Amino acid sequence: AQRVTQPEKLLSVFKGAPVELKCNYSYSGSPELFWYVQYSRQRLQLLLRHISRESIKGFTADLNKGETSFHLKKPFAQEEDSAMYYCALPNSNSGYALNFGKGTSLLVTP
Amino acid sequence: DTGVSQDPRHKITKRGQNVTFRCDPISEHNRLYWYRQTLGQGPEFLTYFQNEAQLEKSRLLSDRFSAERPKGSFSTLEIQRTEQGDSAMYLCASSLGIGANVLTFGAGSRLTVL
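Let us look at the structure shown here. (Residues numbered from 1 in each chain as written. Chains lettered and ligands numbered in written order. Predicted model: local features only at pLDDT ≥ 70, side-chain atom pairs only at ≥ 80, totals over all residues. Heavy atoms only, no water.)

A closer look at the pairing of strand 6 (residues 53-57) of chain B
Residue and element names in this part refer to chain B.
Right, so step 1: Across 4 bridges, the pairing between strand 5 (residues 44-50) and strand 6 is antiparallel. Bridge assignment links Thr47 to a residue of strand 6, and that residue is Lys57.
Right, so step 2: The hairpin turn running from strand 5 into strand 6, its antiparallel successor, is 2 residues long, and Asn51 in that turn takes a positive phi close to 55°. (Pairing = 2+ DSSP bridges. Helix = DSSP H or I, 4+ residues; strand = E, 2+ residues; numbered from the N terminus.)

Here it is as structure tokens:
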């Protein structure tokens, strides 16, 4: 089954410190992976997708097929980065719906 | 267009009652998805429509759940004979037919079954 695993429920870092949110996946074929974010009292929204290879709000994520990982990284965390982060990949049937991980809560403290 | 709208935002009901949620997607989006999210979990896929056709249903969608999208625009999710285990946030999302799985989510409808 196509699934993602986010091993950390909570990650706490100091402002200015590097941050890495882990995501491992199981997928047959070439996956397309996503990071979605939910800030407090806001809707779940797309942060970035690996196919676009862009940096959003200073975050990047590299697909490592050898390690089946898609970790989200930022060199210098900011307080406004505090949020729930979800890794996701297409499900195996339609390929359109996404399967989400359980999420990692990132807390950036001053 | 204010994005994906869901109604009601909160619903409290007694066990055994029926509830219905409505989702209005972004007007040009032809795909519509329903997810369920409980505390400490990520969104769990329930079902997906392309226009008015319901193309996929997950195993989570028991016989008590039914979803429709009659004219390919808004969608409803009905839960019959609610159980306490149905208490959750029900999320709707929509996406364009072209391109990858970029879902735009609504704010959700929170269901509490007493």
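Looking at the state of the cysteines
Disulfides are covalent bonds that connect the sulfur atoms of two cysteines.
Right, so step 1: In total, this model carries 2 disulfides over all chains according to the counting rule given.
Right, so step 2: Two residues share a disulfide in this structure: Cys23 of chain A and Cys87 of chain A, whose sulfurs sit 2.0 Å from each other. Across the S-S bond linking Cys23 of chain A and Cys87 of chain A, the dihedral sits near -65°, which makes this disulfide left-handed. A residue pair is termed long-range when its members are at least 10 positions apart, and Cys23 of chain A in the loop between strand 3 (19-21) and strand 4 (24-26) and Cys87 of chain A in strand 9 (residues 83-90) qualify at 64 residues. Each member of the pair, Cys23 of chain A as well as Cys87 of chain A, carries the same accessibility label: buried.
Right, so step 3: Here Cys23 of chain B is linked by a disulfide to Cys92 of chain B, with a sulfur-sulfur distance of 1.9 Å. Taking the sign of the torsion about the S-S bond as the criterion, the disulfide between Cys23 of chain B and Cys92 of chain B, at about -70°, is left-handed. (Disulfide = S-S within 2.5 Å. Buried < 20%, exposed > 50% of the residue type's maximum accessible area, 1.4 Å probe, protein only.)

Things to note about the sheet that holds strand 7 (residues 60-61) of chain A
All names here are of chain A.
Right, so step 1: Pairing is antiparallel in the open sheet, where 3 strands are placed in the order 3-8-7. At either margin of the open sheet sits one strand with a lone partner, and together these are strand 3 and strand 7.
Right, so step 2: In this structure, strand 7 lies alongside strand 8 (residues 72-74), joined through 2 bridges in antiparallel fashion. Bridging across to strand 8, Ala61 finds its partner in Leu72.

Focus on the interface of chain A and chain B
Right, so step 1: Each partner contributes residues to the interface: chain A has 20 residues there, and chain B has 21 residues.
Right, so step 2: Together chain A and chain B conceal approximately 1800 Å² of surface at their shared face, both sides included; 51% is due to carbon and sulfur atoms.
Right, so step 3: For the chain A face of the interface with chain B, the top three residues by lost area are Arg43, Leu44 and Tyr96 of chain A, together amounting to 35%.
Right, so step 4: Counting across the interface, chain A meets chain B through 0 salt bridges.
Right, so step 5: Summed over the shared surface of chain A and chain B, the result is 5 residue pairs in polar contact (both at pLDDT 80 or more).
Right, so step 6: Among the elements that make up the side of chain A that touches chain B, the one with the highest residue count is strand 5 (residues 34-38) of chain A (3 residues). (Contact = heavy atoms within 4.5 Å. Buried area = accessible area lost by both parts, 1.4 Å probe. Salt bridge = Lys/Arg side-chain N within 4 Å of Asp/Glu carboxyl O. Polar contact = N/O pair within 3.5 Å; in protein donor to acceptor, adjacent residues only side chain to side chain.)

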